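Structural characterization, general
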Amino acid sequence: MPDPFRNFVDGSWLDTASGATFEKPNPARTQDLIGHFPESGQEDIDAAVTAARKALPAWSDTPAPQRGEILRRIGDLLTERKQELAFEETREMGKPFAETCGDVQEAIDTAYYAASETRRLFGRTVPSELPDKFNMSIRRPVGAVGIITAWNFPIAVPTWKIFPALACGNTIVFKPSEDAPHSGMLLTRLFADAGVPAGVFNLVQGGAVSGAALVKHPGIDAVSFTGSNDAGSNIGEVCGRLNKRLSLEMGGKNAQIVMSDADLDLALEGVLWGAFGTTGQRCTATSRLILHEAIHDVLVERLIEQVQKLVLGYGNDEGVNVGPLINEKALEKVTRYVEIGRTEGATLRIGGRRATQGALGDGFFFEPTLFTGVTPQMRIAREEIFGPVLSVLRATSYEEAVRMANATRYGLSSSIYTRDVRLAYRAMKDIEAGITYINGPTIGAEAHMPFGGVKQTGNGHRDGGWEVFDFYTETKTVYVDYSGRLQKAQMDNVAS
Ligand code: NAD
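Predicted model, so just to flag it, every value in this text is computed and none were measured.

1. Structural notes on the nonpolar core
- Membership of the largest hydrophobic core comes to 50 residues, with the highest contact counts inside it found for Ile74, Leu78, Ile162, Phe163 and Phe191.
- For this core, the leading source of residues is helix H4 (residues 97-117), giving eight residues.
- Setting aside residues no more than four positions away along its own chain, isoleucine 74 makes contact with Phe163, Leu190, Phe191, Ala194 and Val196.

Structure representation (structure tokens):
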């Protein structure tokens, strides 16, 4: 195996103890094998966690701005290698090259942002209730962190977690998705080239079994996970039992509302990008379009016209708008949901089948699909499909539109198109979601803003922005008594 197709532990590229591997094909051209990647077992996880623990004291003692310098170098290298990384990412997971360039750019932005935060890891100083006493809080790293991610943003999402974790002085064992192992390896090589010390960042490849072994490992102090609700709930049970700090970022069923006064050109452009960008395989993808009845028919007709023009294909080819689904299982799932939509009585307006014309037959392509006549009770309006399937609902008022938007167990992203400033402000408050866009699609996160969801999408933490630094640090409360005598809080501070 070439170096990049191994695990990376304590500064060395290693085979797994068992020699077990898994195959990863290009989802657009399944004959194109990306490689055989290691399937890590308990021994491999042990080695990686041991390395992370060993590296912890020196890394956490390194002044934070010096850690920031390494993050800055990582940002520079990501910038230098942007095109190469994006090409390989597209080859591995399918979204068009322009989108994977955006994915790498998000990692670059996150690197520089995290580097700047290393000069701002603020604590607080607070007045004491006693004389000659000084109170403050400082931040300490959490320890060795396990990071487990999904495949759909295989460069950006891991770095949302890895960079702040490193900035705060933690060490890391990273398990990327088995559907995007090559991106994980290319990132790892880049970190090593940027001078991340041995053991501070370790890579283990594999699937759910490897991930589960990492989560329950006693040497792992905290886990940050992005992926499905099924996997996240399992991880939550384990971390709850073991009292481990846990951040969960999971699924979405995001709605775009379009009111009767909206700029329809803008709303149309927004939904096309939100619903069919990344083939609908984004946690923030627009999977429901809630249209005010006054503009419902006209917008649906215009949308169908535009959907017909979307070009499917291999994302590294010129002019492609929509790539494949990630694998055979995803193809089966999307096909099943189209069937469910039909059975539930929704009207299939366009798409609904695997796309097999010409070269598309070599990949996991699915036609961009639109259902109208969808009601909030239908499964296609409530469950995450994670594919290019858009469900259109008709609302008679702002209140009904918001009720529909909120009728799901998820709460990640949301959007409303309106020219009425009062409705825009009401929506910011009324929609149950971690993110609301006004006159923009449900996708478009910026690296320096908190990212995450409410309800079943998450467990209250955020990736991105300033809040993520709280997850990767513990607060230590410090009292300095310079009075030279014993002062008893709650006893010496009250007049007797
Ligand atoms: P997945 O849950 O199948 O896999 C995610 C990761 O978890 C993979 O690395 C996998 O190997 C690992 N894993 C699976 N079961 C595990 C277990 N029991 N213990 C430990 N690790 C385990 O998800 P996926 O198919 O890769 O990604 C799609 C899902 O991710 C969608 O639901 C999507 O909405 C969600 N997602 C959420 C966000 C967000 O920020 N909220 C971002 C991207 C994707």
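Let's pick the thread back up.
2. Overview of the sheet that holds strand E15 (residues 369-372)
- One open sheet holds the seven strands; their spatial order is E14-E15-E16-E13-E12-E17-E18, and the pairing between them is mixed. Each end of this open sheet is capped by a strand with a single partner; those strands are strand E14 (347-350) and strand E18 (437-438).
- With four bridges connecting them, strand E12 (residues 254-258) and strand E17 (residues 414-417) associate as parallel partners. Note that in E17 the partner of glutamine 256 across the bridge is serine 415.
- The strands touched by helix H13 (residues 398-406) are E12, strand E13 (286-292), strand E16 (389-395) and E17; relative to E16, the strand with the most contacts, the crossing angle is about 145°.

3. Side note on the packing of aromatic side chains
- Going through the model one piece at a time under the given rule, you end up with ten aromatic pairs.
- Plain terms: the ring middles of tryptophan 160 and phenylalanine 451 are 4.6 Å apart, the flat faces sit at 50° to each other, and that makes the pair tilted. Of this pair, tryptophan 160 sits in helix H5 (residues 156-167) while phenylalanine 451 is found in the loop between E18 and helix H15 (468-471), placing the two residues 291 residues apart along the sequence. For the pair tryptophan 160 and phenylalanine 451, one class covers both residues: buried.
- An aromatic cluster of three or more residues is present, and its members are Phe163, Phe174, Phe191 and Phe201.

4. A look at unusual backbone geometry
- Backbone geometry at threonine 279 places phi at a positive 55°, although glycine is not the residue there.
- Mapping threonine 279 onto the fold places it in the loop between helix H9 (264-276) and E13.
- What makes threonine 279 buried here is its relative accessible area of 1%.
- Although it is not a glycine, glutamine 490 adopts a positive phi angle of roughly 70°.
- Structurally, glutamine 490 is set in the segment after strand E19 (473-481).
- Note on glutamine 490: relative accessible area 60%, which makes it exposed.

Cut-offs applied
- Residues numbered from 1 in each chain as written.
- Predicted model: local features only at pLDDT ≥ 70, side-chain atom pairs only at ≥ 80, totals over all residues.
- Heavy atoms only, no water.
- Core = buried A, V, L, I, M, F, W, Y, C linked by side-chain atoms within 4.5 Å.
- Buried < 20%, exposed > 50% of the residue type's maximum accessible area, 1.4 Å probe, protein only.
- Helix = DSSP H or I, 4+ residues; strand = E, 2+ residues; numbered from the N terminus.
- Contact = heavy atoms within 4.5 Å.
- Pairing = 2+ DSSP bridges.
- Axes fitted to C-alpha atoms, helices over the stretch in contact; angles between N-to-C directions.
- Phe/Tyr/Trp six-rings, centres within 6.5 Å; stacked < 30°, edge-to-face > 60°.

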